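Architecture and fold: a report
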Amino acid sequence: MAEALILASASPRRRELLALLGLPFTVASADVNEGAMEGEPPGVMVMRLSLAKARQVARDRSCGWIIAADTVVVSDGRILGKPANQSEATAMLQRMRGQPHVVYSGVVLWDAATGCYASDLAETQVWMRDYSDEEITRYVASSDPLDKAGAYGIQNCDFHPVSRVEGCYASVMGFPLCHLYRLLRRWGRSLPATPAAACRAFTGHDCQVYDAVVG
């Protein structure tokens, strides 16, 4: 598979994570409506949106492999996307404080030449720590939560919102790297780096899912 890789996302986090695999790629932003459909399960939603992003970027290309992803947070059955403003970010963080929630990330690999694609879904359990109202106020004022599903970045060192994770840490950042690695290998791509070692070096956390997903 010698064709170019195109990341259908302007997210700096996704760019950083994809770069860990050691493959050259370009970036093309996808602009799709990220709202949920009525009664749509979160896993179905992230797969639909990932596919919509890949399809949109592929429209203007006759070749290349499009990589697209989407992530949502689900707290007590409610889907939490990106907050619209600081008040909504504050409410999301208060809702999840000291509680578990689930992060769903979908990823799609699309062949622009044929319209064929492969997809995968990651589901991760996350427990938030019992942070204070003052900590929420300072974090929201930084504007970091405003472009993130669930209004938090797991990697934020100042706020440090998460106490425990079961599943893919990279998926909570917005990109299930092991699942993408599995898709790329399945479609014949030779990769210079494995996500387990790369994720550990980048995030400081051991990969919990590599053997189950890739092995």
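Going by the structure above, here's the rest.
It should be emphasised that the depicted structure is a prediction, and the values quoted were computed from it without experimental measurement.

A word on helix H3 (residues 86–96). Three or more residues of H3 are buried, namely Ala-89, Met-92, Leu-93 and Met-96. Considered in projection along H3, the buried side chains sweep an arc of 95° and stay on one side of the axis. Its buried side turned inward, H3 meets strand S3 (65–75), strand S4 (78–80), strand S5 (100–111), strand S6 (117–128) and helix H4 (133–141). Of the residues flanking the start of H3, the one acting as N-cap is Asn-85, its side-chain oxygen 3.2 Å from the backbone nitrogen of Ser-87. In the stretch just after H3, Gly-98 is the one whose phi turns positive, near 70°.

With that settled, the discussion passes to the pattern of salt bridges. Applying the stated criterion to the full structure yields 11 salt bridges. Arg-200 is the salt-bridge partner of Asp-206, the closest N and O atoms lying 2.8 Å from each other. By relative accessible area, Asp-206 is classed as exposed at 56%. Given a relative accessible area of 40%, Arg-200 falls into the partly exposed group.

Conventions used here
- Residues numbered from 1 in each chain as written.
- Predicted model: local features only at pLDDT ≥ 70, side-chain atom pairs only at ≥ 80, totals over all residues.
- Heavy atoms only, no water.
- Buried < 20%, exposed > 50% of the residue type's maximum accessible area, 1.4 Å probe, protein only.
- Helix = DSSP H or I, 4+ residues; strand = E, 2+ residues; numbered from the N terminus.
- Arc of directions from axis to C-beta.
- Contact = heavy atoms within 4.5 Å.
- Polar contact = N/O pair within 3.5 Å; in protein donor to acceptor, adjacent residues only side chain to side chain.
- Salt bridge = Lys/Arg side-chain N within 4 Å of Asp/Glu carboxyl O.

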